[in-house]
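Report on the structure
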Amino acid sequence: MTDIGFDAPTVIRTKRDGGRLSDAAIDWIIAAYTDGRVADEQMAALVMAIFFRGMDGGEIARWTSAMLASGERMDFTDLRVHGRPLPIVGKHSTGGVGDKTTLVLVPVVAACGAAVPKASGRGLGHTGGTLDKLESIAGFTVELSSQRVREQLCDLGAAIFAAGQLAPADKKLYALRDITATVESLPLIASSVMSKKLAEGIGALVLDVKVGAGALLESEARCRELARTMVELGAAHGVPTHALLTDMNCPLGATVGNALEVAEACEVLAGGGPPDVVELTLRLATEMLELAGIDGRDPAQTLADGTAMDRFRRLVAAQGGDLSVPLPIGAHSETVIADRSGTMATIDAMAVGLTAWRLGAGRSRPGDRIQPGAGVRIHRRPGEPVAAGERLFTLYTDTPERFGAAMAELDGAWSVDDTPPEPRPLIVERILR
C-alpha cells in the first residue's frame, strides 16, 4: 500500500483535535503500523488521542476490519463430526482479576460436543493472561500452527493458542497499550477483542464483559456500551454474539497469579473449587452451547463425572504440557493477618490485581519475563467469618524486594466489618442483539 496522501502526524493530529478518521486513513495507519512504516511512538500518540477523543461506531467497525485484514483468518467450515458440521464457538473475557475461567470452560464445552479454538493473550495491565497461566505448566506450548489447531479441534474439540498471524496488528497494539496507560479505551478494547475473535473462524461467540472495580472500564454504563458495541460488531460479520456483564468488584476465586490460578482451575475441573468460578463457568458454557445449537448436554455433569478434567488433560498433553511436574510457587511469601474478628467485607479487585503485578505476575515492558509462581492467595472471601490473628492473604514472589510495593498496593484494599456485606449477583446482565 502506498503512503501517498497519508502520513502519521496528520492522522494523529486529526484525532488529537477531535476529528473523525476516514476509512482510508484507518486502513493506511493499521497497515503501515503492522509492517513498520509507522513507529511505536507515533502509534502510541494516536492511541492516546483515541483514548481521550474516542471513536464513533463507524470508526470502530473500520478499525476492527482493518486489524482483521492485517493477517490470516481461520476457516473451519469444512470440519465434520459423524458427517455433520462441527459446531465452532468462541469465548472471550475483557480481563479480570483471578479470572481463570477459560482454563475450565474450554474443556467443559468441548466435553459437551462443541469445538473451541481459543486464541488468547498475555497479561494486560492489572489483568492476567491465559497464555501466561498455561505456560506455568511444564512444557506447555501456546505456539500452534493453523493445521495443528484444526487437528486438535477434530481430535479433542479444543485448542488454546497465541494469536500468531491472526490480526497481527492487534498483537502489536495490545503490547503497546499495556505500557502506555491506554488499556481502558472502549474503541481499542472492542476492536482488539473482535478482530482476534473474528479471525478464529468461529460460528458464534460469547463475551464475558467485566463490571466493577477490577474491570477495564470504570463504570457499568461504559461496560454495557462496550458489550453492545462488540455484540453489534459480531453480528455485522455474521457471527451471532451474546454478552454477559459479570461482577468484577472482587477477584474471581481465591487466587490471583499464573500458576496459582492453574492449580485452582484444576480444583474446579476435579469437581471442587470456589463457587463463583464454578457458577461463571457453567453460565458461560450454557450460553456457548445454546449458540452452538447443542441441546441436552449438562455442563455441570462434565465436572461431576470427570469428563471435563479428562479433556483438559488431553489438551495439556496435546500441547506438550506435563501436569505431573509440580506447578511453580514463589520462593518467598508474606502474609496479611486480621487484626480483628468479624466478617470479610470488601476486597478491591483492582488493588489485588496490581499487588500480583508488583509481585512479578505481570509486565512493565513488552517482552518482560514474568514470575509464574508470583501472586496472591485469598484466604477469606467477602461474607466469610474472620478471626483475629488468622491469615487473610498470602503473597508469593521469587524476589522479596518486591514485597514493599506489593503490600502498599494491598493496604486499604480490604476490610473486616461487624456485619456481612450485601451480596452482589455474579451475573449482572445478559446482552443480545
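Not measured: the values here are computed from a predicted model. (Residues numbered from 1 in each chain as written. Predicted model: local features only at pLDDT ≥ 70, side-chain atom pairs only at ≥ 80, totals over all residues. Heavy atoms only, no water.)

When we look at burial in helix 7 (residues 146-156), the residues that qualify are Val149, Gln152, Leu153 and Leu156. Seen end-on, helix 7 carries its buried residues on one side only, within an arc spanning 110°. Buried residues belonging to helix 7 abut helix 5 (101-111), strand 4 (116-120), strand 5 (158-162) and helix 14 (307-318). One or two residues past the end of helix 7 sits Gly157, with phi positive at roughly 75°. (Buried < 20%, exposed > 50% of the residue type's maximum accessible area, 1.4 Å probe, protein only. Helix = DSSP H or I, 4+ residues; strand = E, 2+ residues; numbered from the N terminus. Arc of directions from axis to C-beta. Contact = heavy atoms within 4.5 Å.)

A few words now on the side chain of Ser192. Considering the arrangement of structural elements, one finds Ser192 in helix 9 (residues 186-199). Overall, the relative accessible area of 4% leaves Ser192 in the buried class. Ignoring sequence-local partners within four residues, the contact set of Ser192 consists of Met67, Asp170, Tyr174 and Arg177.

To continue, consider the packing of helix 8 (residues 168-179) against helix 9. Where helix 8 contacts helix 9, the axes come no closer than 10 Å and their chain directions differ by 145°. With respect to the hand of their crossing, helix 8 and helix 9 are arranged in left-handed fashion. Here helix 8 contributes Asp170, Tyr174 and Arg177 to the contact with helix 9, which in turn contributes Leu188, Ile189, Ser192, Ser195 and Lys196. By residue class, the composition of the contact of helix 8 with helix 9 is 3 nonpolar, 2 polar and 3 charged. (Axes fitted to C-alpha atoms, helices over the stretch in contact; angles between N-to-C directions. Left-handed = near helix turned anticlockwise from the far one by under 90°. Nonpolar A, V, L, I, M, F, W, Y, C, P; charged D, E, K, R; others polar.)

Counting residues in each nonpolar core, the largest one holds 73 residues, and the members touching the most others are Val89, Val109, Leu303, Val376, Phe393 and Leu395. For this core, the leading source of residues is helix 12 (residues 275-292), giving 9 residues. Both domain 2 (80-324) and domain 3 (332-417) contribute no fewer than three residues apiece to this core. In this view, Val109 contacts Val89, Ala114, Val116, Ala285, Met288 and Leu289; residues no more than four positions away in its chain are not counted. One finds Ile60, Leu144, Val193 and Leu233 within the second-largest nonpolar core, a separate group that totals 67 residues. (Core = buried A, V, L, I, M, F, W, Y, C linked by side-chain atoms within 4.5 Å. Domains from an automatic or database assignment.)

We now examine the sheet that holds strand 14 (residues 414-417). Strand order in the open sheet made by the 3 strands is 12-10-14, with antiparallel pairing throughout. At either margin of the open sheet sits one strand with a lone partner, and together these are strand 12 (385-386) and strand 14. With 4 bridges connecting them, strand 10 (residues 342-347) and strand 14 associate as antiparallel partners. Within the sheet, the bridge partner assigned to Ile347 lies in strand 14 and is Trp414. (Pairing = 2+ DSSP bridges.)

Put simply, helix 2 (residues 23-34) and helix 8 touch, their axes get as near as 9 Å, and they point 80° apart. Taken together, the axis directions place helix 2 and helix 8 in an arrangement best described as roughly perpendicular. Here helix 2 contributes Ile30, Tyr33 and Thr34 to the contact with helix 8, which in turn contributes Pro168, Ala169, Lys172, Leu173 and Leu176. (Parallel < 35°, antiparallel > 145°, perpendicular 65-115°, else oblique.)

Attention now goes to the domain arrangement of the protein. Here the protein is partitioned into domain 1 (8-53), domain 2 (80-324) and domain 3 (332-417). Put simply, the middle of domain 2 and the middle of domain 3, counted by C-alpha atoms, are 25 Å apart. The partner domain 3 presents 25 residues to the 27 residues of domain 2 that form the contact. Interface area lost by domain 2 to domain 3 is led by His126, Val256 and Leu260, which between them contribute 25%. For Asp276, the salt bridge identified is with Arg381, shortest N-O distance 2.7 Å. Linking domain 2 with domain 3 are 9 residue pairs in polar contact (both at pLDDT 80 or more), by the criterion used here. Looking at side-chain class alone, the side of domain 2 that touches domain 3 contains 13 nonpolar, 10 polar and 4 charged residues. (Buried area = accessible area lost by both parts, 1.4 Å probe. Salt bridge = Lys/Arg side-chain N within 4 Å of Asp/Glu carboxyl O. Polar contact = N/O pair within 3.5 Å; in protein donor to acceptor, adjacent residues only side chain to side chain.)

This part takes up helix 14. End to end, helix 14 covers 16 Å across 12 residues, agreeing with the expected 16 Å (1.5 Å per residue, within 8%). Along helix 14, the residues classified as buried are Ala308, Met309, Arg311, Phe312, Leu315 and Val316. Along helix 14, the residues classed as buried sweep out an arc of 160° about the axis, all on the same side. Those residues of helix 14 that are buried lie in contact with helix 5, helix 7, strand 5, helix 11 (258-269) and helix 13 (299-304). Residue Gly320 follows helix 14 closely and has a positive phi angle near 85°. (Expected span 1.5 Å × (residues − 1).)

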